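Coordinate analysis (summary)
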Amino acid sequence: MEDLWQEHKRWILGVAGGLLLFYIAIKIVDGIYDSAGAERRLAIRVRNINNEDLYDQKMLNALEAEERALEERSQKLRAAAVFVPAEDFLAAGKGDLDAHYNLLSRRVRDDVMDRAMAYSVDLSSSDVQWETPVGRAEIADTLIGLNLLEQVAVRLMEAGEVVKGRDPDALGLVGINSLRIDGRPSERSRRRRSVSEPNSLPPAYAEYRLSFEFRADEATASLFLEKCRSDQPVICLQGDGFSIRQGRNIGDPVLCRGQVMAITLSDL
């Protein structure tokens, strides 16, 4: 044995050293890549996070109060700016939309003309204008435009009657030269921008515009603008879209021109 050890000592020590290094390397790898240990540490971390109070009750109450305040503000802004069409002027739920449009458009024109005659307002049927829609999408847009036209005509004539009721000598509303639906929002002003665009408007936002020209006294013009703002559904004046020109002689009606719009906003 002694002779064997002396003869092969270097080889035996080399093998033993290699086995020792291999054992040490295995321990090191296990320590670094021990998946079971990593899973245990992860489970402990998740348990600790679940036990932490990320938001206390006071913070939750404050967030809920802020949510209610924002919702209340949103409703006020809608009431002050958004035009809510009457049910008859919504395309949804109307089976034969072409037939519905034909009936409703005739009714609007007849009602406006009948009211003008009853109030002794000078108005020709040809001065009440809109383009004939083709297809369901265009009809849906035109229906809302008709609702806007009807509301403008009614408020304008009512303003004249109120003024004459206050002062029997007042001119009130003398005549309407033009009521015209200006195109369709699908062609002109519907916004469908990317949400990444700065100041982009939501896809459900649309504007319906109507141009008008009428002759009345100044009190009627002022009351008409006030009724657009205060009555429901709200009608907005388009930018600087209102001008007034005095008559040639004292006592003549003023000539008013302008553009109003109905803003619709569907729920997102």
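**A short note on the overall build of the protein chain**
Looking only at helices and strands, the protein chain features six helices and five strands. Seen in sequence order, the protein chain has helices and strands lined up from the N terminus as α-α-α-α-β-α-β-β-α-β-β. Classification of the 268 residues of the protein chain by burial places 33% in the buried group. The long-range fraction of contacts in the protein chain, counting pairs at least 24 apart against all pairs at least 6 apart in sequence, stands at 72%. For the protein chain, the computed accessible surface area is about 17,300 Å², with 55% contributed by carbon and sulfur atoms.

**Brief notes about the pairing of strand β3 (residues 205–216)**
In terms of residue burial, β3 counts as a mostly covered element, since eleven of its twelve residues are buried. Where strand β2 (residues 173–181) lies against β3, seven bridges are found, and the strand directions are antiparallel. Of the residues in β3, the one forming a bridge with G175 is R215. Pairing geometry for β3 and strand β5 (residues 254–265), over twelve bridges, is antiparallel.

**Focus on the confidence of the model for the protein chain**
Across the protein chain, the average pLDDT comes to 80, with 68% of residues at or above 70. Within the protein chain, β2 carries the highest mean pLDDT (97), whereas helix α1 (residues 2–33) carries the lowest (55).

**Topic: the side chain of T142**
Inspection of the secondary structure puts T142 in helix α5 (residues 136–166). Overall, T142 belongs to the buried group, its relative accessible area being 5%. Non-local contacts of T142, meaning those with residues more than four positions away in its chain, are made with Y101, W130, E131, P133 and R184.

**Let's talk about the packing of aromatic side chains**
A complete count under the given rule lists four aromatic pairs for this structure. Plain terms: the ring middles of F212 and F214 are 5.7 Å apart, the flat faces sit at 25 degrees to each other, and that makes the pair stacked. Grouping residues by exposure puts F212 and F214 together as buried. Consider the rings of F212 and F224, whose centres lie 5.6 Å apart with planes at 80 degrees: the pair is edge-to-face. Note that F212 is positioned in strand β3 and F224 in helix α6 (residues 218–230), a separation of twelve residues in sequence. Summarising the burial analysis for this pair, F212 and F224 share the class buried. Among the aromatic residues, those joined into a cluster by ring pairs are F212, F214, F224 and F242.

**Digging into the pattern of salt bridges**
Applying the stated criterion across every chain, the model contains twelve salt bridges. In this structure, the salt-bridge partner of E161 is K164, at a minimum N-O distance of 3.2 Å. You can see E161 and its partner K164 sitting in helix α5, three residues apart, about one turn around the helix. For D182, the salt bridge identified is with R180, shortest N-O distance 3.1 Å.

**Overview of the nonpolar core**
In a soluble, globular protein the nonpolar side chains are often hidden away together inside. In terms of nonpolar packing, the biggest core is built from 46 residues, with L148, L149, I176, L210 and F214 touching the most fellow members. When contributions to this core are tallied by element, the ones reaching two or more residues are α4 (97–118), α5, β2, β3, α6 and β5. Once you skip the residues sitting within four places of it in the chain, F214 turns out to touch L156, L173, G175, I176, N177, A221, F224, V254, L255 and C256.

**Thoughts on empty space enclosed by the protein**
Here the structure, examined in full by the defined rule, presents one cavity of 30 Å³ or more. Put simply, the parts of the chain that give the lining of the largest cavity at least two residues each are α5 and β3. For the lining of the largest cavity, the element with the most residues is α5, which contributes three residues. Looking at the lining of the largest cavity, its residues break down into four nonpolar, three polar and six charged.

Thresholds applied
- Residues numbered from 1 in each chain as written.
- Predicted model: local features only at pLDDT ≥ 70, side-chain atom pairs only at ≥ 80, totals over all residues.
- Heavy atoms only, no water.
- Helix = DSSP H or I, 4+ residues; strand = E, 2+ residues; numbered from the N terminus.
- Buried < 20%, exposed > 50% of the residue type's maximum accessible area, 1.4 Å probe, protein only.
- Contact = heavy atoms within 4.5 Å.
- Areas by Shrake-Rupley, 256 points an atom, 1.4 Å probe, with all protein chains shown as cover.
- Pairing = 2+ DSSP bridges.
- pLDDT = per-residue confidence, 0-100.
- Phe/Tyr/Trp six-rings, centres within 6.5 Å; stacked < 30°, edge-to-face > 60°.
- Salt bridge = Lys/Arg side-chain N within 4 Å of Asp/Glu carboxyl O.
- Core = buried A, V, L, I, M, F, W, Y, C linked by side-chain atoms within 4.5 Å.
- 1 Å grid on protein atoms, 1.4 Å probe; cavity = no way out; pocket = protein on both sides within 12 Å on 5 of 7 lines; lining within 4 Å.
- Points joined across faces, edges and corners; volume = space filled by probe spheres on them.
- Nonpolar A, V, L, I, M, F, W, Y, C, P; charged D, E, K, R; others polar.

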